[in-house]
Amino acid sequence: MLARLQTFSLVGIDAVPVDVEVDVSGGALPATVLVGMPDAAIKESTHRVARAMVNSGFNRPNDRIVVNLAPAELPKQAATFDLPITLGILAGSGQFSSERLLDYAVVGELSLEGSTRPARGALSIAMAAARQKRTRECRPLKGVVVPSASATEAAVVEDIDVIPVASLTEAVRFFSGSLDIPPTPPRVDEWFDRFAAYDVDFTDVRGQEAAKRAICVAAAGGHNCLMVGPPGGGKTMLAKRIPTILPPLSATESIETTRIYSALGLLQPGQPLMATRPFRAPHHTISEAGLVGGRSVPMPGEISLAHNGVLFLDELPEFNRRTLEVMRQPLEEGSVTIARARSTTRFPADFMLVAALNPCPCGYRGDPRRQCQCTAPQVERYMSKISGPLLDRIDIHLDVPAVPFRELSATRAGTSTAQMREAVQMARRRQAERFAEGSTRSNARMSSRQIREFCRLQPSAAELLRAAVADLGLSARAHDKVLRVARTIADLAGAEAMDCSHVSEAINYRLLDRGLWQ
């Protein structure tokens, strides 16, 4: 007999429909043949499937079984084909019959005892099933059958029924009609209420009020930021608290981010939805593929895991220079494209870059309390590890000096997260009104045309900027960065016009262009 049902395969972070066709025929030597470009994990599934059937009380057909995964040219990965293949074999061998096989897509990995295990990419699979239902691509689906552990994640999508099954037996009973399983209800608001809190605050950082101001500007406009200062000055503490002052994740942003983590199996147990902005801090030994994504079948890297959040690169000069250079295109476009011989995959990568470095190899250049042992050539070599084009793409360079004792021991708390978040949200509301008719969401993403439209300077401010460009040798890109930052500073001040104070502060945030590290 021939059985046919539908499942999905992940390609990057997107789910693609796959037809599972199972033919069980006698009169030949018993064997199970998988065709349709399955990977090693799927080929090994024949052993898991056989023992799961027997241990669940079903008979393993002593016949020739051919399993076709179509379309044949699409490479298939992961063990989530276990459950649809098993159901196809059982239906093809006549151990149950069902009218529901064509109405529901099926995904899930099986253990040897027949219980289901979580499926990577459950959210993307549910989204693809819902899209197929709306557009009537292929055949319309009523719902998707997923492992119980992945049901709450898939149920974030409200347009499709998500049927949870804990075992192969439950799945067979559901499809045969002997068991009705209610769909998992969506609980998006509950997840946001439960997981949308941060456990750090800017009041934990003593002193560094000037750095907090610069970080507030960076967060308000979505600007990339570079902190320069000696060890122990608080650079890492400041960076870790930046997500707390960014605007709360919208439902759309949360789903975009969750899809990436789900595809890589990085969602925390019991948390089916990302409710806070991600903070990623990879080690400086990371490879190019680890940072931007890669592998033979492309998968997201750290810059995509930081999508809608913060990517923190500590000890920036210690990173491989070539690894840093591959970030240049994603920083400009907000996405990364990975091309392979078989396909080209595009991953979202709209993140806020925050980097930190010491002013010299020993870390104490310019520190009045410690003597620097580095020579000028050593400092030059250290700083030259960061290319000019990459520095051009970082809007704000700020100094984070050592904190004096009187500030460390002060009892009065400094600027809090709540105060900074209020200022950031006010500036973001102004930007939302300004860019209401386009796709731009923040000042940092303004195009050249938008800069000419929204960053008009008063004559005195224009003269100040002209002098700065001439004296500092700013590139055209750095000139536009100054204007974008000045626009954000004006938004924080509630001003429509950009005057000298706004432009002056923006120029002061070009620390490395001014050569103050020398």
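For clarity, every value in this text was computed on a predicted model and none was experimentally measured. Starting afresh in each chain, residues are numbered from 1 along the sequence in its written order. Owing to the predicted nature of the model, reporting of local features is limited to residues with pLDDT of at least 70; listing and counting of side-chain atom pairs is limited to 80 or more, with chain, interface and lining totals taken over all residues. Excluding hydrogens and water, the side-chain figures rest on all heavy atoms present in the structure.

Asker: Give me the overall build of the protein: which residues, what numbers.
Answerer: A run of H or I in DSSP counts as a helix once it spans at least four residues, and a run of E counts as a strand once it spans at least two, with each numbered from the N terminus. Within the protein, the secondary structure is distributed over 22 helices and 18 strands. Classification of the 518 residues of the protein by burial places 51% in the buried group. Across the protein, contacts joining residues at least 24 apart in sequence account for 76% of those joining residues at least 6 apart. Accessible area for the protein stands at about 22,700 Å²; split by element, carbon and sulfur atoms hold 50% of it. The classification of residues rests on relative accessible area computed with a 1.4 Å probe and restricted to protein chains. Under 20% of the type maximum is buried, over 50% is exposed, and intermediate values are partly exposed. The contact definition used throughout considers only heavy atoms, calling two residues in contact when any of these lie within 4.5 Å. Accessible surface is estimated by sampling points in the Shrake-Rupley manner with a 1.4 Å probe; for residues, cover comes only from the protein chains shown.

Asker: Run through the nonpolar core, naming residues and quoting values.
Answerer: The tendency in soluble globular proteins is for nonpolar side chains to be buried as a group. We call a set of buried residues a nonpolar core when its members are Ala, Val, Leu, Ile, Met, Phe, Trp, Tyr or Cys and they connect through side-chain atoms within 4.5 Å of each other. Of all hydrophobic cores here, the largest spans 70 residues; its most connected members are L226, I303, L313 and M327. Per-element tally for this core: the top contributor is helix α4 (residues 122-135), with seven residues. Residues contacting I303, with those up to four places away along its chain left out, are L291, V292, L311, M327, P330, V336, A349 and F351. Counting 49 residues, the second-largest nonpolar core is a separate cluster that includes F312, L474, I489 and A506.

Asker: Lay out the pairing of strand β17 (residues 352-357) with the relevant residues and their values.
Answerer: The two faces of the sheet receive side chains in turn, since in a regular strand these alternate between them. Burial within β17 is extensive, with six of its six residues counted as buried. Judged by which residues are buried, β17 turns out to be covered on both faces: M352, V354 and A356 on one side and L353, A355 and L357 on the other are all buried. Pairing between strands is defined by DSSP: at least two bridges between them are needed. Inspection of the sheet shows strand β10 (residues 225-228) paired to β17 by four bridges, in the parallel sense. Across the sheet, residue M227 finds its bridge partner in β17, namely A356.

Asker: Before we move on, could you go through the sheet that holds β17 and cite the residues and values that matter?
Answerer: Spatially, the five strands line up as an open sheet ordered β11-β14-β17-β10-β18, and their pairing is parallel. Looking at strand neighbours, the two that pair on one side only are β11 (279-280) and β18 (396-399), the edges of this open sheet. The sheet contact formed by β10 and β18 spans four bridges and is parallel. Looking at the pairing, L226 lines up with H397 of β18. Most of the contacts of helix α8 (residues 209-221) go to β18, to which it runs at about 165 degrees, and overall it touches β10, β17 and β18. A fitted line through C-alpha atoms represents every axis, and for helices the fit uses only the stretch in contact; the resulting angles, taken between N-to-C directions, go from 0 to 180 degrees.

Asker: Explain the side chain of T86 to me, and be specific about the residues and the numbers.
Answerer: Position of T86 relative to the elements: it lies in helix α3 (residues 82-92). In this structure T86 touches V49, M53, L110 and L168, once residues within four positions along its chain are discounted.

Asker: Got a sec to walk through the packing of aromatic side chains? Specific residues and values, please.
Answerer: Classification of ring pairs rests on two measures: the distance between centres of Phe, Tyr or Trp rings, Trp counted by its six-membered ring, which must be within 6.5 Å, and the angle between planes, read as stacked under 30 degrees, edge-to-face over 60 and tilted in between. In total, this model carries six aromatic pairs according to the counting rule given. Taking the centre distance of 5.4 Å and the plane angle of 75 degrees together, the rings of F174 and F175 count as edge-to-face. F175 shares its class with F174; the two are buried. By way of ring pairs, the aromatic residues Y104, F174 and F175 are connected into one cluster. In this scheme, Lys NZ or Arg CZ marks a charge over a ring once it lies within 6 Å of the ring centre and within 35 degrees of the ring normal. R370 extends its terminal NZ or CZ atom over the ring of Y364, reaching a point 4.1 Å from the ring centre. One cation-aromatic arrangement involves R434 over F435; the distance from NZ or CZ to the ring centre is 5.8 Å.

Asker: An account of the environment of F435 is needed here, citing residue identities and associated values.
Answerer: Mapped onto the secondary structure, F435 falls in the loop between α18 (417-434) and α19 (448-454). Between the alpha carbons of F435 and Q450 there is a distance of 9.2 Å; along the sequence they are 15 residues apart. Dropping the residues within four chain positions of it, F435 is found in contact with T440, R441, S442, N443, M446, Q450 and F454.

Asker: Could you give an account of the packing of α8 against α18, naming the residues involved and the relevant values?
Answerer: Axis angle and axis distance: for two packed helices, these are the angle between their axes and the distance between the axes, and together they describe the pair. Taken N-terminus to C-terminus, the directions of α8 and α18 make an angle of 35 degrees; their axes are 8 Å apart at the nearest point. Note that α8 runs across α18; the crossing there is right-handed. Along the contact surface, α8 presents K212, I215, C216, A219, A220 and G221, while α18 presents M420, A423, V424, A427, R428 and Q431. Along the lines of polarity and charge, the residues of the contact of α8 with α18 split into eight nonpolar, two polar and two charged. Here a crossing is taken to be left-handed if its near helix is turned anticlockwise relative to the far helix by less than a right angle, and right-handed if that turn runs clockwise. As a working rule, the residues Ala, Val, Leu, Ile, Met, Phe, Trp, Tyr, Cys and Pro are called nonpolar, Asp, Glu, Lys and Arg charged, and the rest polar, with Gly in that last group.

Asker: So what's going on with the state of the cysteines? Which residues, and what values?
Answerer: Our working definition of a disulfide is a cysteine sulfur pair at a distance within 2.5 Å. According to the stated counting rule, one finds zero disulfides in the structure shown. Sulfur of C216: no disulfide; nearest cysteine sulfur belongs to C225 and is 12 Å away. When its relative accessible area of 8% is taken as the criterion, C216 is described as buried. Cysteine C362 remains unbridged, with the sulfur of C360 as its closest cysteine sulfur at 3.5 Å.

Asker: Please provide a residue-by-residue account of the pattern of salt bridges, values included.
Answerer: Whenever a carboxyl oxygen of Asp or Glu lies within 4 Å of a side-chain nitrogen of Lys or Arg, that contact is scored as a salt bridge. The final tally for this structure, using the stated rule, is 26 salt bridges. For the salt bridge of R430 with D491, the shortest nitrogen-to-oxygen distance reads 3.6 Å. Of the two residues, R430 sits in helix α18 while D491 sits in helix α21 (residues 476-492), which places them 61 residues apart along the sequence. Shared partners join several salt bridges into a network, and the residues in it are E253, R277, D350, R441 and R445.

Asker: Help me get a handle on α18, residues and values and all.
Answerer: The first and last C-alpha atoms of α18 sit 25 Å apart over 18 residues, in line with the 26 Å expected at 1.5 Å per residue. Regarding α18, the residues found buried are T417, M420, V424, A427, Q431 and R434. On an axial view of α18, the arc spanned by its buried residues comes to 110 degrees, and they lie on one face. Structural note: α18 exposes E422, R429 and E433 on the side pointing more than 90 degrees away from its buried face. Expected helix span is computed as 1.5 Å times (number of residues minus one). Directions pointing from the helix axis toward each C-beta atom define the arc.

Asker: Could you give an account of unusual backbone geometry, with specific residues and numbers?
Answerer: Cis geometry marks the peptide bond from A70 to P71, where omega comes out at 10 degrees. Position of P71 among the secondary structure elements: in the loop between β4 (64-70) and α3. If you check the backbone angles, N308 has positive phi at about 65 degrees while not being a glycine. Mapped onto the elements of the fold, N308 is located in the loop between α12 (302-305) and β14 (310-313). Positive phi, close to 55 degrees, is recorded for E315, a residue that is not glycine. Checked against the element boundaries, E315 lands in the loop between β14 and α13 (321-325). Relative accessible area serves as the criterion here: at 26%, E315 is assigned to the partly exposed category.

These results come straight from atomic positions and should not be treated as a statement about function.
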